[in-house]
There are 2 protein chains.
Amino acid sequence: MFKHLANQSGLSLERLASLCEVAEAGSIGQASRGDVNKQSQLSRQIAELEAVFGVELLARQSRPFRLTAQGKELAQVSRQFFQSVDDLQKQAGGEAQRVVVGAGETLIQWLLFPACEAMQKQTTGIVFAFKNLDSARLVDGLQKGEVDFALIRKEEVPPSLMHAGDWLYSHVAFVPKALSRITTELKIEELARLPWAVLEGQGHFRQFLESKARAQGIKLNAALECSSYTQVAMAIQTGRYAGFLPAFAMDAAFAPGSAILQRQTEKGLRYERKLTLAWREATTRARPIVEKLIPAIRTQLGKIL
Amino acid sequence: MFKHLANQSGLSLERLASLCEVAEAGSIGQASRGDVNKQSQLSRQIAELEAVFGVELLARQSRPFRLTAQGKELAQVSRQFFQSVDDLQKQAGGEAQRVVVGAGETLIQWLLFPACEAMQKQTTGIVFAFKNLDSARLVDGLQKGEVDFALIRKEEVPPSLMHAGDWLYSHVAFVPKALSRITTELKIEELARLPWAVLEGQGHFRQFLESKARAQGIKLNAALECSSYTQVAMAIQTGRYAGFLPAFAMDAAFAPGSAILQRQTEKGLRYERKLTLAWREATTRARPIVEKLIPAIRTQLGKIL
DNA sequence: ATGTAGCATGATTACACAGTCATGTTCAAA
DNA sequence: TTTGAACATGACTGTGTAATCATGCTACAT
């Protein structure tokens, strides 16, 4: 049967696990993280695997070495196997299975976290792990099998991945009543009038706002630079700044009855995104639990969005 | 990462390969085939795996022991992994990948063999392995991953399996010119008049013929009992017997210009079957080569049927 | 050119494992 | 109840392997 494979000198679970580590880290060096012993192990073990398969698993043209296509393939096959075995073991031992959910920090905090919270009460035996990654890394993680599913912009999902759900949300303005009691749509002029807490740097939305302001011959009044939407929300909460947040932040970020007005922006300032839940089909095959969770997550997210 | 799994004492490729062997054979005893050493190994190794997973992999209620549901699951996960690794290794070494095709003996000889022959000329790097199994075993083999795809009756495909293609064929009469020069549809009366080479035993088609004859108050003239359709074809070739064969046997079984008349049967004697190509989705995921072959096989079979 | 990050290799140790043989246990059928 | 088939267990051996330390090599950056 498969004894010829299992018996082969140079092929072992440890070596395959090492390959997976290198695949995840990107290179031998990163996988060993300063541990010289580990470095020598990894180098040797991958060389031994190469001897077994008669193929280069590491591309040795430039340093640091990256995995070759065949190296990645073997790593993926192994990873899937380990994951399945791990699931079986946890299932048998009554332990909770780990499900890795990826998204941007904002989405995790205000969407995934509440949604998963609700699910954990119903379904026992699941541990969610949230990964805060940018969309490129999320897609990569999905394809490698390191992330089970991800909440990302629909446009970012490559055709090789599965996806379901279709949630539209827009950035809306949150203005403390202390600053303004207007409740109608937010006008562009107010970009200059109100003191805004904005994200530092060159984020998409920040650039969008600045260009809109410029087009009107005004300047965005960036009174506070924050490094995350959470900070923006905190700034708004103080009552001294207005800010833009995704609409779904209202319930999650502000206590009910707080003196904050949520205001839709006028048409010219609309900034909309379409989210979807993406995953890799192979993952659902190797991990039945992941497939089972998809409809549940969809309905939970649907309740919030 | 997965070091915690790979390091676990009691978990090894050999033990998993052993589990696969037992899964395939059905029990420890059958897997060891009289080798007492192997028996003790298998017993021990499965016990060690059980310790790792904390679950019974063998159902020890009645002997011989069968695998439990969890045992089967682990075996399947492992089998898939081994198969993928094996494919990678063969691909890397430029070796041919083995593709297991299952069907009844008749279908193998007169349909699959010619079809695969034609494909091997185009596609290099594939070795076909034919398995002659009854449909129950074929379905079982498909689900276990031991058979890559099978040509079986459409009605036999359970909903859990994929299938494609839809080939209708009927059993028709082959009559040597030496016995009769009639070329019209075969009448029931001829069942008694002509000397028939038939399959021994209680095959579906044999019973069908006998009941039709009885209904007409005549008796099937079974002049020769054969144990395979190949033998029936050989008998017909001698010129001394008539016989029923699947219509597609004409080209494959008889040399062109041989003195055999192929005759459709009259309506009351029609015996039709619908074939399809069945496979398991997980197999196509683990073995890309299998997925690639499906359309090729379909067109090749289409040419014959 | 030279340093250094990134990887390879040789040698050694301790251990887990597969393999083997002999014998024990359990269960089902005769 | 007996018998044999099916599986378990204890004891031992040789081997492959992970782990560790020391040192050597090679290519990229400065």
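Note that the structure is a prediction, hence the values are computed from the model and not measured. (Residues numbered from 1 in each chain as written. Chains lettered and ligands numbered in written order. Predicted model: local features only at pLDDT ≥ 70, side-chain atom pairs only at ≥ 80, totals over all residues. Heavy atoms only, no water.)

**Thoughts on the pattern of salt bridges**
All names here are of chain B.
And then number 1: This structure, assessed with the given rule, holds 30 salt bridges over all chains.
And then number 2: One salt bridge connects Lys154 with Asp166, and the closest N-O pair in it is separated by 2.9 Å. In this pair, Lys154 is assigned in the loop between β5 (149–153) and β6 (162–176) and Asp166 in strand β6, connecting sequence segments 12 residues apart.
And then number 3: Put simply, Glu190 and Arg263 hold a salt bridge, and the shortest N to O gap is 3.0 Å. (Salt bridge = Lys/Arg side-chain N within 4 Å of Asp/Glu carboxyl O. Helix = DSSP H or I, 4+ residues; strand = E, 2+ residues; numbered from the N terminus.)

**Here's the deal with the protein's contact with DNA strand D**
And then number 1: Around DNA strand D sit 26 residues, and of these Ser12(A), Gln41(A), Gly29(B), Ser43(B) and Arg63(B) come closest.
And then number 2: Considering the 4 Å shell around the protein, atoms of DNA strand D inside it are sugar or phosphate in 62% of instances.
And then number 3: Taking Arg15(A), its side chain carries an N or O atom lying 2.8 Å from a sugar or linking oxygen of DNA strand D.
And then number 4: Contact between DNA strand D and Gln41(A): a phosphate oxygen at 2.6 Å from a side-chain N or O atom of the residue. (Near = heavy atom within 4 Å. Polar contact = N/O pair within 3.5 Å; in protein donor to acceptor, adjacent residues only side chain to side chain.)

**Let's talk about the interface of chain A and chain B**
And then number 1: Each side of the interface is counted separately: chain A has 42 residues, and chain B has 41 residues.
And then number 2: In total, chain A and chain B occlude about 3700 Å² of area from one another, counting both sides; carbon and sulfur atoms represent 72% of this.
And then number 3: Applying the counting criterion to the chain A and chain B interface returns 2 salt bridges.
And then number 4: Note that Arg285(B) is salt-bridged to Glu281(A), the shortest N-O span being 3.0 Å.
And then number 5: For the interface between chain A and chain B, the tally reads 6 residue pairs in polar contact (both at pLDDT 80 or more).
And then number 6: Listing elements by their share of the side of chain A that touches chain B, those giving two or more residues are α1 (3–6), α2 (13–25), α4 (36–53), α5 (69–92) and α12 (281–286) of chain A.
And then number 7: Its residues assigned to classes, the side of chain A that touches chain B comprises 20 nonpolar, 13 polar and 9 charged. (Contact = heavy atoms within 4.5 Å. Buried area = accessible area lost by both parts, 1.4 Å probe. Nonpolar A, V, L, I, M, F, W, Y, C, P; charged D, E, K, R; others polar.)

**Details of helix α10 (residues 229–237) of chain B**
Residue and element names in this part refer to chain B.
And then number 1: Residues of α10 that are buried include every one of Tyr229, Val232, Ala233, Ala235 and Ile236, and no others. Angular distribution of buried residues about the axis of α10 spans 160 degrees; they occupy a single face of the element.
And then number 2: Directly after α10, the chain includes Gly239, whose backbone phi takes a positive value near 90 degrees. (Buried < 20%, exposed > 50% of the residue type's maximum accessible area, 1.4 Å probe, protein only. Arc of directions from axis to C-beta.)

**Details of the relation of the copies chain A and chain B**
The operation relating the pair of chain copies consists of a rotation about an axis and a translation along that axis.
And then number 1: Of the transformation superimposing chain A on chain B, the axial component is 0.1 Å and the angular component is 179 degrees, with the fit at an RMSD of 0.1 Å. These values place the two chain copies in the arrangement generated by a two-fold rotation axis. Scanning chain A for the C-alpha nearest the rotation axis identifies Phe81(A), at a separation of 3.0 Å.
And then number 2: Here 98% of the contact residues of chain A are again contact residues in chain B; the copies associate through an equivalent surface. (Least-squares fit on C-alpha atoms with pLDDT ≥ 70 in both.)

**Examining the protein's contact with DNA strand C**
And then number 1: Lining the immediate surroundings of DNA strand C are 25 residues, of which Gly29(A), Ser43(A), Arg63(A), Arg15(B) and Gln41(B) lie closest.
And then number 2: Between a base nitrogen of DNA strand C and a side-chain N or O atom of Ser40(B), the distance comes to 3.5 Å.
And then number 3: Contributions of two or more residues to the surface near DNA strand C are made by α3 (28–32) and α4 of chain A together with α2 (13–25) and α4 (36–53) of chain B.
And then number 4: Of the residues that constitute the surface near DNA strand C, the class distribution is 3 nonpolar, 15 polar and 7 charged.

**Here's the deal with the nonpolar core**
And then number 1: Counting residues in each nonpolar core, the largest one holds 60 residues, and the members touching the most others are Phe53(A), Phe82(A), Phe53(B) and Phe82(B).
And then number 2: Those residues in contact with Phe82(A), other than ones at most four positions away along the chain, are Leu13(A), Leu16(A), Ala17(A), Cys20(A), Phe2(B) and Leu5(B). (Core = buried A, V, L, I, M, F, W, Y, C linked by side-chain atoms within 4.5 Å.)

**What about the packing of α2(B) against helix α5 (residues 69–92) of chain B?**
Residue and element names in this part refer to chain B.
And then number 1: Two elements in contact, α2 and α5, have axes separated by 9 Å at closest approach and are oriented at 115 degrees. By the angle between their directions, the pair α2 and α5 is classed as roughly perpendicular. As for how α2 packs across α5, the hand of that crossing is left-handed. Here Leu13, Leu16, Ala17, Leu19, Cys20, Ala23 and Glu24 of α2 lie close against α5, whose contacting residues are Gly71, Leu74, Ala75, Ser78, Arg79, Phe81 and Phe82.
And then number 2: Considered class by class, the residues forming the contact of α2 with α5 number 10 nonpolar, 2 polar and 2 charged. (Axes fitted to C-alpha atoms, helices over the stretch in contact; angles between N-to-C directions. Parallel < 35°, antiparallel > 145°, perpendicular 65-115°, else oblique. Left-handed = near helix turned anticlockwise from the far one by under 90°.)

**Digging into the packing of aromatic side chains**
And then number 1: Per the stated rule, a full pass over the model turns up 22 aromatic pairs over all chains.
And then number 2: Judged by centre distance (5.2 Å) and plane angle (20 degrees), the ring pair of Phe2(A) and Phe82(B) falls under stacked. Taken as a pair, Phe2(A) in the segment before α1 and Phe82(B) in helix α5 lie in two separate chains rather than in one.
And then number 3: Judged by relative accessible area, Phe2(A) falls into the buried class, the value being 4%.
And then number 4: With a relative accessible area of 2%, Phe82(B) lands in the buried category.
And then number 5: Centre to centre, the rings of Phe128(B) and Phe130(B) are 6.5 Å apart; their planes meet at 15 degrees, and the pair counts as stacked.
And then number 6: Its relative accessible area of 27% is what places Phe130(B) among the partly exposed residues. (Phe/Tyr/Trp six-rings, centres within 6.5 Å; stacked < 30°, edge-to-face > 60°.)

**A short note on the domain arrangement of chain A**
Residue and element names in this part refer to chain A.
And then number 1: The domains assigned to chain A are domain 1 (3–87), domain 2 (97–167 + 274–304) and domain 3 (169–272).
And then number 2: Between the C-alpha centres of domain 2 and domain 3 the distance comes to 28 Å.
And then number 3: Overall, the association of domain 2 and domain 3 removes approximately 830 Å² of surface from exposure, summing both partners, and the carbon and sulfur fraction of that is 69%.
And then number 4: Among the residues of domain 2 in contact with domain 3, Thr106, Gln109 and Trp110 are the three that bury the most area, contributing 56% of the side total.
And then number 5: At the surface where domain 2 touches domain 3, the tally comes to 0 salt bridges.
And then number 6: Linking domain 2 to domain 3 there are 0 residue pairs in polar contact (both at pLDDT 80 or more).
And then number 7: Counting residues per element, the side of domain 2 that touches domain 3 draws most heavily on helix α6 (residues 105–122), which supplies 5 residues.
And then number 8: Residue classes in the side of domain 2 that touches domain 3 are distributed as 5 nonpolar, 2 polar and 2 charged. (Domains from an automatic or database assignment.)

**What to know about the side chain of Lys90(A)**
Residue and element names in this part refer to chain A.
And then number 1: Among the secondary structure elements, Lys90 is positioned in helix α5.
And then number 2: Owing to a relative accessible area of 18%, Lys90 belongs among the buried residues under this scheme.
And then number 3: Sequence-distant contacts of Lys90, defined by excluding residues within four places in its chain, comprise Glu95, Ala96 and Gln97.

**Here we look at the pairing of β6(B)**
All names here are of chain B.
And then number 1: Counting buried positions along β6 yields 11 of 15 residues, so the element is predominantly enclosed.
And then number 2: By the bridge criterion, 7 bridges tie β6 to strand β11 (residues 272–279) in an arrangement that is antiparallel. Within the sheet, the bridge partner assigned to Leu168 lies in β11 and is Lys274.
And then number 3: Pairing between β6 and strand β10 (residues 260–263): 4 bridges, direction antiparallel. Pairing of Pro176 across the sheet is with Ile260, part of β10. (Pairing = 2+ DSSP bridges.)

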